[in-house]
Amino acid sequence: MAHIEALVRHILKWECGASAAQLAKYADNEQLFNAVRKTTRNPNDPGGWTNSGITLATWIARGYDNDGDGDRDLADLRAMTYPQWITIMRDGYWRRALADRIDSQSVANMIVDFMFTSGGAAKCVQRVVGVAADGVFGPKTIEAINARPAEDLFYRLRNARLNYYRSLSAWKHFGKGWTNRVMDLKFVG
């Protein structure tokens, strides 16, 4: 079964720009997060402000009042800790995809990283595996994922993900980075 910790380094590489040297230096995911985390806002990104890939909107919905002023805002997002980040990752993306029940780590990584970067990911994955595309992962979706040869499914998901991104208006701004991110995920049998 798949484990979220195996995906963390990939996400920090692409969301925070963790270098090969930093990935090598920090064997512990929390230490890596603390070394590379950053808050950014790209005017071409409809997600707005983010810290290590967590948008301000996600933070307001699921985050913490880090500064104790009675609200959840950009100041709190900027102060996000690794335990807070991994909890949002686990609850908001990993568990939503029922990734602990996916047999292949590589397939789970492709699916959850896709869900992390896009609101349309779940339906796209469901179409690839041939179940009703309702956007909610349940037993039928997981059964269909695990019933397919993992390597074939990994590459089908990769292609569907790239095609999905190509359909977005933001492709002109982020297409190269999205492609590099997707291609950086490798199938390991």
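Everything below is about the structure shown above.
Within every chain, residues take consecutive numbers counted from 1 along the sequence as written. Note on the predicted model: pLDDT of at least 70 is required for a residue's local features to be given, and 80 or more for side-chain atom pairs to be given and counted; whole-chain, interface and lining totals, by contrast, use all residues. Each side-chain value is worked out from all heavy atoms of the structure, with water and hydrogens disregarded.

Asks: Mind laying out the sheet that holds strand β3 (residues 54–55), listing which residues take part and the relevant values?
Replies: Strand pairing requires that DSSP identify at least two bridges connecting the strands. Secondary structure elements are defined from DSSP: runs of H or I of at least 4 residues count as helices, runs of E of at least 2 residues count as strands, and each element is numbered from the N terminus. One open sheet holds the three strands; their spatial order is β1-β2-β3, and the pairing between them is antiparallel. The strands lining the two open edges of the sheet, one partner per strand, are β1 (39–41) and β3. Where strand β2 (residues 49–51) meets β3, two bridges bridge the pair, whose relative direction is antiparallel. Across the sheet, the residue bridging to Asn-51 is Ile-54, located in β3.

Asks: Outline the nonpolar core, supporting the account with residue identities and numerical values.
Replies: Residues enter a nonpolar core if they are buried and are Ala, Val, Leu, Ile, Met, Phe, Trp, Tyr or Cys, with the set joined through side-chain atoms within 4.5 Å. For every residue, the accessible area (1.4 Å probe, protein chains only) is compared with the maximum for its type, and the residue is labelled buried under 20%, exposed over 50%, or partly exposed between those bounds. Ile-54, Trp-85, Met-89, Ile-111, Phe-137 and Ile-145 are the most contacted members of the largest nonpolar core, which has 57 residues in total. With eight residues, the top contributor of residues to this core is helix α7 (residues 105–117). Ile-54 has contacts with Trp-49, Trp-59, Leu-77, Met-80, Trp-85, Ile-88, Met-89 and Phe-116, leaving out every residue within four places of it along the chain. Between two residues, a contact is recorded if the distance between any of their heavy atoms is within 4.5 Å.

Asks: Which residues make up the packing of α7 against helix α8 (residues 121–129), and what values go with them?
Replies: For helices, the fitted axis covers only the stretch in contact; all axes are lines through C-alpha atoms, and the angles between them, taken along N-to-C directions, range from 0 to 180 degrees. Direction vectors running N to C along α7 and α8 enclose 145°, while the axes themselves pass 8 Å from each other. Across from Ile-111, Phe-114 and Met-115 in α7, the residues of α8 making contact are Ala-121, Ala-122, Cys-124 and Val-125. Taken together, the residues of the contact of α7 with α8 sort by class into seven nonpolar, no polar and no charged. When residues are grouped by polarity, Ala, Val, Leu, Ile, Met, Phe, Trp, Tyr, Cys and Pro land in nonpolar, Asp, Glu, Lys and Arg in charged, and all others, Gly among them, in polar.

Asks: How would you sum up the pattern of salt bridges? Please name residues and give values.
Replies: Between Lys or Arg on one side and Asp or Glu on the other, a salt bridge is scored when a side-chain nitrogen of the former is within 4 Å of a carboxyl oxygen of the latter. This structure, assessed with the given rule, holds six salt bridges. Among the salt bridges present, the one from Asp-152 reaches Arg-156, with a minimum N-O distance of 2.8 Å. Note that Asp-152 and Arg-156 are positioned in helix α10 (residues 150–166) at a spacing of four residues, about one turn of the helix. Bridged by salt links that share partners, the residues Glu-15, Asp-113, Arg-161 and Arg-181 form one connected network.

Asks: Describe the environment of Pro-46, and please don't skip the residues or the numbers.
Replies: Inspection of the secondary structure puts Pro-46 in the loop between β1 and β2. Pro-46 sits in the exposed class, given a relative accessible area of 79%. Distance in space between the C-alpha atoms of Pro-46 and Ala-170 is 8.6 Å, their sequence separation being 124 residues.

Asks: Tell me about the packing of helix α1 (residues 5–16) against α7, and please be specific about residues and values.
Replies: Where α1 meets α7, the axes come as close as 10 Å, and the angle between the chain directions of the two elements is 40°. With respect to their mutual orientation, α1 and α7 come out oblique. Crossing hand, α1 versus α7: right-handed. On the side of α1, the interface is formed by Ala-6, Leu-7, His-10, Ile-11 and Glu-15, while α7 contributes Gln-105, Asn-109, Val-112, Asp-113, Phe-116 and Thr-117. Classifying every residue of the contact of α1 with α7 by side-chain character gives five nonpolar, four polar and two charged. What sets the label is the angle itself: under 35 degrees gives roughly parallel, over 145 gives roughly antiparallel, 65 to 115 gives roughly perpendicular, and the rest give oblique. Each crossing is labelled by how the near helix is turned from the far one, with a counterclockwise turn of less than a right angle marking it left-handed and a clockwise turn marking it right-handed.

Asks: Can you tell me about unusual backbone geometry, naming the residues and giving the values?
Replies: The phi torsion at Ser-52 lies on the positive side, around 55°, for a residue other than glycine. When you line up the elements, Ser-52 lands in the loop between β2 and β3. You will see that Leu-98, though not glycine, has its phi angle at about 50°, which is positive. Within the secondary structure layout, Leu-98 lies in the loop between α6 (82–94) and α7.

Asks: Account for a negative patch on the surface, with residues named and values stated.
Replies: For patches, a residue must show more than 30% relative accessible area and have no salt bridge; joins then use 9 Å for like charges and 5 Å for nonpolar side chains, namely Val, Leu, Ile, Met, Phe, Trp and Tyr. Shrake-Rupley sampling with a 1.4 Å probe provides the accessible areas, and residues are treated as covered by the protein chains on show and by no other component. In this count, Lys and Arg are taken as positive residues and Asp and Glu as negative ones, while His and the chain termini are left out. Note on charges: their place is set at NZ of Lys, CZ of Arg, CG of Asp or CD of Glu. A contiguous patch of negative charge on the surface is contributed by Asp-65, Asp-67, Asp-69 and Asp-71. Relative to the elements of secondary structure, Asp-71 occurs in the loop between α4 (56–62) and α5 (74–78).

Asks: Which residues make up the side chain of Asp-113, and what are the values?
Replies: Summarising the element assignment, Asp-113 is placed in helix α7. We classify Asp-113 as buried; its relative accessible area is 0%. Whenever a nitrogen or oxygen atom comes within 3.5 Å of another N or O atom, the pair is scored as a polar contact, on the condition that within protein one atom can donate a hydrogen and the other can accept it, and that pairs from neighbouring residues in sequence are kept only if both atoms are in side chains. Side-chain polar atoms of Asp-113 contact the side chain of His-10, separated by 3.1 Å. The contact partners of Asp-113, leaving out residues within four places of it in the chain, are Leu-7, His-10, Ile-11, Arg-161, Arg-181 and Leu-185.

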